[in-house]
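Below, each chain spelled out in residue letters.
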Amino acid sequence: MGKVSYMRLKGSQNLRLRLLLSTLSSTPILIEDIRADATWPGLRPHEVSFLRLLERVSDDCVVEINETGTKLKYKPGIVMSGRHLIHDCGTSRSIGYFLEPLVVLGLFGKKPLSIRLKGITNDSKDPSVDTFRSTTLPMLKQFGVPSEGLDLKIESRGVPPHGGGQVILSVPIVDSLKAITWIDEGMVKRIRGITFSTRVSSQFENTMIHAARGIFNRLLPDVHIFTDHKAGEQAGKSPGYGISLHAETTSGCVISADTAVSYARGEDEGELEDEKKELSPPGDVGEEIASALLGEIEQGGVVDSTHQGLLFLLCALCPQDVSKVRVGKLAPYAIEGLRHIRDFLGVKFVIKPDPSTETVILKCVGCGLKNLSRKVS
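With an unreviewed UniProt entry as reference, the protein chain is termed RNA 3'-terminal phosphate cyclase-like protein, source organism Sesamum angolense. Reading the Subcellular location (unreviewed entry) entry of the UniProt record for the protein chain gives the comment "Nucleus, Nucleolus". What UniProt states about the protein chain under its Sequence similarities (unreviewed entry) heading is, verbatim, "Belongs to the RNA 3'-terminal cyclase family. Type 2 subfamily."

See the structure below:
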């Protein structure tokens, strides 16, 4: 074995993206100064959990963390995937945090992936599992991912602080993605959504739907929002409620917005345990997310701001052909993503503003990532 040369990085930001790109490009990385000056230095529980998840789906990957958790060495292995895997995501971040990188890795695995993830399904920080199902999975199909074997099944829900939700993610394997030209946003033709409630009255859902429809009905007639009231085991361990909405356009784009309301996690709340803060009323939540969805639509682009980073990554992983996409205002996370894609994959995007629509058109030539680990039948 020769000496392994590591790409040196600093800081805790974009750790998930760095580990994902490191695995896809087979680049060992060494990250130093991970929250070195913070009160609680080092890796957070969800970051350690993500590293454990990478170990679970890949073979021969090496993770070394120092005692304080401020230094991390990661040498990627081969993504094996496989069936009937189980991973507990913990309760410091929701399952949505783990799903986005996992679905990309699954596409380039040796075998199709089927994994049960346990933890928080809906919170106000990460995209919910409903949004992942309604928006993220259809986006993958644009890149030539077969819809057969691509699925997310929600078995039970869980909200902060104690979680208790379970989902099963299935991802097929691909040889390679296909380059796309995706610049036509189209017009919004319908709005769909789902509300959920766990360990609270199901009437909360009707209130949220009524509030959201009050905004949408002035704009278009085709609005359907479904309810999903869970009880018993399927309701997880904490009370909460939430809503996930998505708009479908005439050209096949899906724009989404979501949130969930529940009591804060331990580290989020500064006040004493017995002083539980009041939850937002369901009517306000419905209005807020309906307005947020309209704001995302107004920005323009073929995806909403939370999906920009994933869109750029998929474009960069395409064969060596030109991909061209249109997005609204670039989100800070997406800009960081573009920098990391340049560093790990050597793919540079040409960014051209379109002043007439206040959108941005990005073009790139993919790095031509092929799935070399899959079995040749």
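Text resumes after the structure shown.
A. Quick look at helix H6 (residues 282-299). Its 18 residues give H6 an end-to-end C-alpha distance of 26 Å, which sits within 8% of 26 Å, the value for a rise of 1.5 Å per residue. Burial in H6 covers these residues: Pro-282, Gly-283, Val-285, Gly-286, Ile-289, Ala-290, Leu-293 and Glu-296. Packed against the buried residues of H6 are strand S12 (188-198), helix H5 (203-216), strand S14 (240-249) and strand S15 (254-262). Gly-300 occupies a position one or two residues after H6 and carries a positive phi of about 85°.

B. Fine view of the side chain of His-46. Mapped onto the secondary structure, His-46 falls in helix H2 (residues 45-57). Within polar-contact distance, the side chain of His-46 engages the side chain of Ser-92 at 3.1 Å. If near-sequence neighbours (up to four positions away) are discounted, His-46 is found in contact with Ser-92, Arg-93, Tyr-97 and Phe-98.

C. Spotlight on the sheet that holds strand S13 (residues 223-230). Spatially, four strands are ordered S13-S12-S14-S15 in an open sheet, and the strand pairing comes out mixed. Two strands in the sheet have a free side with no partner beyond their single neighbour: S13 and S15. Neighbour-to-neighbour, the strand axes of this sheet turn through a mean angle of 10°, independent of strand direction. In the packing of H5 onto the sheet, contacts are made with S12, S13 and S14, and the angle to S13 comes to roughly 165°. Of the strands in this sheet, S12, S14 and S15 are in contact with H6, which crosses S15 at around 155°.

D. Highlighting the packing of aromatic side chains. Inspection of the entire model under this criterion finds five aromatic pairs. Centre to centre, the rings of Phe-50 and Tyr-97 are 6.4 Å apart; their planes meet at 75°, and the pair counts as edge-to-face. Residue Phe-50 is located in helix H2, and its partner Tyr-97 is located in helix H3 (residues 95-107); the two are separated by 47 residues in the primary sequence. Like Tyr-97, Phe-50 is buried. On the basis of an interplanar angle of 85° and a centroid distance of 4.9 Å, the ring pair of Phe-204 and Tyr-241 is categorised as edge-to-face. Here the residue Phe-204 occupies a position in helix H5, and Tyr-241 occupies one in strand S14, the gap between them amounting to 37 residues. On the basis of relative accessibility, which here comes to 28%, the residue Phe-204 falls in the partly exposed class. Through successive ring pairs, a cluster of aromatic residues spans Phe-50, Tyr-97 and Phe-98. The positively charged end of Arg-16 is found above the aromatic ring belonging to Tyr-97, 4.9 Å away from the centroid.

E. Just unusual backbone geometry, in detail. The peptide bond linking Pro-160 to Pro-161 adopts the cis configuration, its omega dihedral lying at 0°. In this structure, Pro-161 sits in the loop between strand S9 (151-156) and strand S10 (165-171). Not every positive phi belongs to a glycine, and Ser-81 is a case in point at roughly 60°. Tracing the chain through its elements places Ser-81 in the loop between strand S6 (78-79) and strand S7 (82-88). The exposure class of Ser-81 is buried, given its relative accessible area of 9%. Notably, Arg-199 is not glycine yet its phi reads approximately 55°, a positive angle. Assignment of secondary structure puts Arg-199 in the loop between S12 and H5.

F. Region of the structure containing the state of the cysteines. In this structure the tally under the stated criterion is zero disulfides. Here Cys-89 stays unpaired: no disulfide links it, and the sulfur of Cys-61, its closest cysteine neighbor, is 16 Å away. With relative accessibility at 2%, the residue Cys-89 sits in the buried group. The cysteine Cys-367 is free of any disulfide, with Cys-318 supplying the nearest cysteine sulfur at 8.7 Å.

G. Spatial organisation of the environment of Ile-183. Here Ile-183 lies in the loop between strand S11 (181-182) and S12. Residue class for Ile-183 comes out partly exposed when judged on its relative accessible area of 25%. Those residues in contact with Ile-183, other than ones at most four positions away along the chain, are Val-302, Lys-324, Val-325 and Arg-326.

H. Layout of helix H4 (residues 129-142). With 14 residues, H4 should reach 20 Å at 1.5 Å per residue; the first-to-last C-alpha distance of 20 Å fits that figure. Of all the bends in H4, the greatest, near 25°, is centred on Thr-136, and the proline Pro-138 appears no more than four residues after it. Within H4, 10 of the 14 residues are buried, leaving the element largely enclosed by the surrounding structure. All of the buried residues in H4 are Val-129, Asp-130, Thr-131, Phe-132, Ser-134, Thr-135, Thr-136, Leu-137, Met-139 and Leu-140. A positive backbone phi angle near 85° is found at Gly-144, which sits one or two residues after H4.

What counts and how
Residues numbered from 1 in each chain as written. Predicted model: local features only at pLDDT ≥ 70, side-chain atom pairs only at ≥ 80, totals over all residues. Heavy atoms only, no water. UniProt positions renumbered as here; feature names shortened; annotations may be inferred. Helix = DSSP H or I, 4+ residues; strand = E, 2+ residues; numbered from the N terminus. Expected span 1.5 Å × (residues − 1). Buried < 20%, exposed > 50% of the residue type's maximum accessible area, 1.4 Å probe, protein only. Contact = heavy atoms within 4.5 Å. Polar contact = N/O pair within 3.5 Å; in protein donor to acceptor, adjacent residues only side chain to side chain. Pairing = 2+ DSSP bridges. Axes fitted to C-alpha atoms, helices over the stretch in contact; angles between N-to-C directions. Phe/Tyr/Trp six-rings, centres within 6.5 Å; stacked < 30°, edge-to-face > 60°. Lys NZ or Arg CZ within 6 Å of the ring centre and 35° of its normal. Disulfide = S-S within 2.5 Å. Bend = angle between axes of the 7 residues up to and from the residue.

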